[in-house]
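Observations on chain architecture
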Amino acid sequence: MASSSPPLKRESESPLRYLPIDAFIGHDADIVFGPPIFFEQVEPALNPPQPPPPAPLTLWKGWKRIIHGILTFLLVVTNMWNITLALSDIARFGCSHYYGVSVFEDLPRICQPIIPPYQKWPAFKSLEAQVSRHTQQVYGLSSMLRKLDDVLGVALGADRDLARAPQAAIISPLTTSRSGSPFTGWMASLSNSLSSPPSVVYLPDVVLDSPPNTGECWQFSGDRGHVAIRLAHHAVVTAFSVALPPFAELWDEKYQAPRSIHAWGHPVVPLFSVCSDFLPQRSVSDFKTARLPASVDSKGQLISLGKFEYNITAPYARQMFPLEPNPLCEIPVLDFVVVEILANWGADKTCIYHVGVHGTRP
């Protein structure tokens with residue numbers, strides 16, 4: 001019977017976690033085990049640092065705060081004037097009824113305006129009209145500032161908008177009809193005529209207008225639809241934007257704004273097989289609502305550019321949605337996009353004002 005060999009004495013009593021490859025080759029009696037080896041794993045950054053805003057955008061935001069402060073002060077002053085004049089007007093009619101006097105100058109001193117130059121009735125009404133006119137002018141300047149901030153905020157902080165008329169165009173056969181009906185041709189016309197249309201009907205081309213005007217939107221029934229936009233030129237898309245007029249001008253119409261949006265793009269050159277495996281795709285024919293022109297291949301594929309949500313509770317009516325870079329495949333050059341509306345904010349109709357597609361030349 002062979003005698004058993006003495007146990008191997010290890011030089012280190014630390015736990016074994018990683019073994020060298022030699023430990024699995026041949027006889028291991030002469031191997032000396034060292035301390036465990038740990039490999040540091042570097043986690044990719046989930047939120048990469050964002051580049052600082054361009055200098056013109058920073059300069060504009062500074063001037064905007066100053067102008068906004070001045071307009072706010074003027075609004076406070078004019079509103080105080082309006083309240084004072086309204087109270088004087090109420091007091092005048094109350095006193096006139098109480099004393100039975102119709103002539104403004106014959107009323108007791110307490111019933112007359114406290115400002116001597118305007119104690120006479122014609123002068124008082126002239127002042128009231130001037131203050132009211134100046135108040136409307138200040139409100140108009142405030143509205144212009146909001147619209148200017150909307151436009152400059154995009155123009156200075158993003159790439160060129162390639163979905164603006166007249167360079168861009170709507171691809172009607174890939175766009176939902178106004179009634180949201182799946183029918184095409186004469187059946188769609190009949191469906192539209194039977195539905196109750198608004199007083200003014202705007203074509204989908206109004207989506208290409210920017211900045212948008214209140215009431216001028218492309219409206220369709222329900223909360224789901226899509227619009228296809230041929231870009232001004234072939235481009236690498238970097239961001240999308242959705243613009244509405246100021247929310248204060250929309251009232252309940254803001255609930256017709258799109259909420260959940262899915263953007264699709266049509267590559268000029270078909271994707272490599274590696275990219276096509278990682279990017280969700282849909283056929284062009286999935287969005288077909290009428291006969292396609294020869295320039296659009298119904299068998300072509302659309303790639304998913306991303307989903308985003310428009311927020312009607314945000315302070316700005318124009319909202320930007322930068323595309324997140326894909327580490328496995330870069331966004332290809334596109335010639336048109338399809339913007340799919342998946343939900344609105346609870347209304348029975350959806351109203352789209354402007355959808356911007358921002359990008360650069362390849």
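Residues numbered from 1 in each chain as written. Predicted model: local features only at pLDDT ≥ 70, side-chain atom pairs only at ≥ 80, totals over all residues. Heavy atoms only, no water.

Within the protein chain, the secondary structure is distributed over four helices and 11 strands. Burial analysis of the protein chain (362 residues in total) assigns 35% to the buried set. Accessible surface, the protein chain as shown: approximately 22600 Å² in total, 61% of it carbon and sulfur. (Helix = DSSP H or I, 4+ residues; strand = E, 2+ residues; numbered from the N terminus. Buried < 20%, exposed > 50% of the residue type's maximum accessible area, 1.4 Å probe, protein only. Areas by Shrake-Rupley, 256 points an atom, 1.4 Å probe, with all protein chains shown as cover.)

On inspection of all chains with the given rule, the structure shows five aromatic pairs. Geometrically, the ring pair formed by Trp218 and Phe220 is tilted, given 4.9 Å between the ring centres and 50° between the ring planes. The burial state of Trp218 is the same as that of Phe220; both residues are buried. Arranged with centres 6.4 Å apart and planes meeting at 55°, the rings of Trp264 and Phe287 form a pair that is tilted. Within this pair, whereas Trp264 is found in strand S5 (residues 258-267), its partner Phe287 is found in the loop between strand S6 (281-283) and strand S7 (301-309), the two being separated by 23 residues in sequence. The residues Trp264 and Phe287 share a single accessibility class, namely buried. A network of ring pairs unites the aromatic residues Phe240, Phe308 and Phe321 as a single cluster. The ring of Trp345 carries Arg259 above its face, with NZ or CZ at 4.0 Å from the centroid. The residue whose ring lies beneath Arg282 is Trp264, and the NZ or CZ to ring-centre distance is 5.6 Å. (Phe/Tyr/Trp six-rings, centres within 6.5 Å; stacked < 30°, edge-to-face > 60°. Lys NZ or Arg CZ within 6 Å of the ring centre and 35° of its normal.)

Here the protein chain averages 75 in pLDDT, while 66% of its residues score no lower than 70. In the model, residues 180-198 has pLDDT below 50 throughout and makes 14 contacts with residues more than four positions away in sequence or in other chains. (pLDDT = per-residue confidence, 0-100. Contact = heavy atoms within 4.5 Å.)

Moving on, we get to the side chain of Ser241. Take Ser241: it is sitting in strand S4 (residues 225-243). A polar contact of 2.9 Å, which involves the side chain of Ser241, links it to the side chain of His358. The contacts of Ser241, once residues within four sequence positions are left out, are Gln319, Met320, Phe321, His354, Val355, Gly356 and His358. (Polar contact = N/O pair within 3.5 Å; in protein donor to acceptor, adjacent residues only side chain to side chain.)

The next thing to look at is the state of the cysteines. What is meant by a disulfide is a covalent connection between two cysteines, made through their sulfur atoms. Within the structure shown, the criterion is met by one disulfide. Disulfide partner of Cys217: Cys351, at an S-S distance of 1.5 Å. Torsion about the S-S bond of the Cys217 and Cys351 cystine: about -45°, corresponding to left-handed handedness. One end of the pair, Cys217, is in the loop between helix H3 (186-194) and strand S3 (218-221); the other, Cys351, is in strand S10 (residues 349-352), with 134 residues separating them in the sequence. (Disulfide = S-S within 2.5 Å.)

Pairing of S5 with S7, which is carried by six bridges, proceeds in the antiparallel orientation. Bridge pairing in S7 places His262 opposite Lys307. Bridging between S6 and S7 involves three bridges; their strand directions are antiparallel. For Arg282, the partnering residue across the bridge sits in S7 and is Leu302. (Pairing = 2+ DSSP bridges.)

With 44 residues, the main nonpolar core has Ile229, Phe240, Leu244, Leu305, Tyr310, Val337 and Val339 as its most contacted residues. Those elements giving two or more residues to this core turn out to be S3, S4, S5, S7, strand S9 (334-344), S10 and strand S11 (354-360). Not counting the four nearest positions on each side in its chain, Ile229 is found in contact with Ala163, Ala168, Ala169, Ile170, Leu208, Phe336, Val337 and Val355. Grouped together as the second largest cluster of nonpolar side chains are 11 residues, Leu174, Ala228, Val296 and Val338 included. (Core = buried A, V, L, I, M, F, W, Y, C linked by side-chain atoms within 4.5 Å.)

Burial analysis of S4 places 14 of its 19 residues in the buried class, which makes it a mostly covered element. Bridge analysis of strand S2 (residues 169-170) against S4 gives two bridges, and the strand direction is antiparallel. Across the sheet, the residue bridging to Ala169 is Arg230, located in S4. By the bridge criterion, seven bridges tie S4 to S9 in an arrangement that is antiparallel. Within S9, the position partnered with Ala235 by the bridge is Leu334. When S4 meets S11, the two strands line up antiparallel, connected through seven bridges. When the sheet's bridge partners are listed, Ala243 is paired in S11 with His354. Bridge count between S4 and strand S8 (residues 318-322): five bridges; the pairing is antiparallel. Paired with Ala239 across the two strands is Pro322, which belongs to S8.

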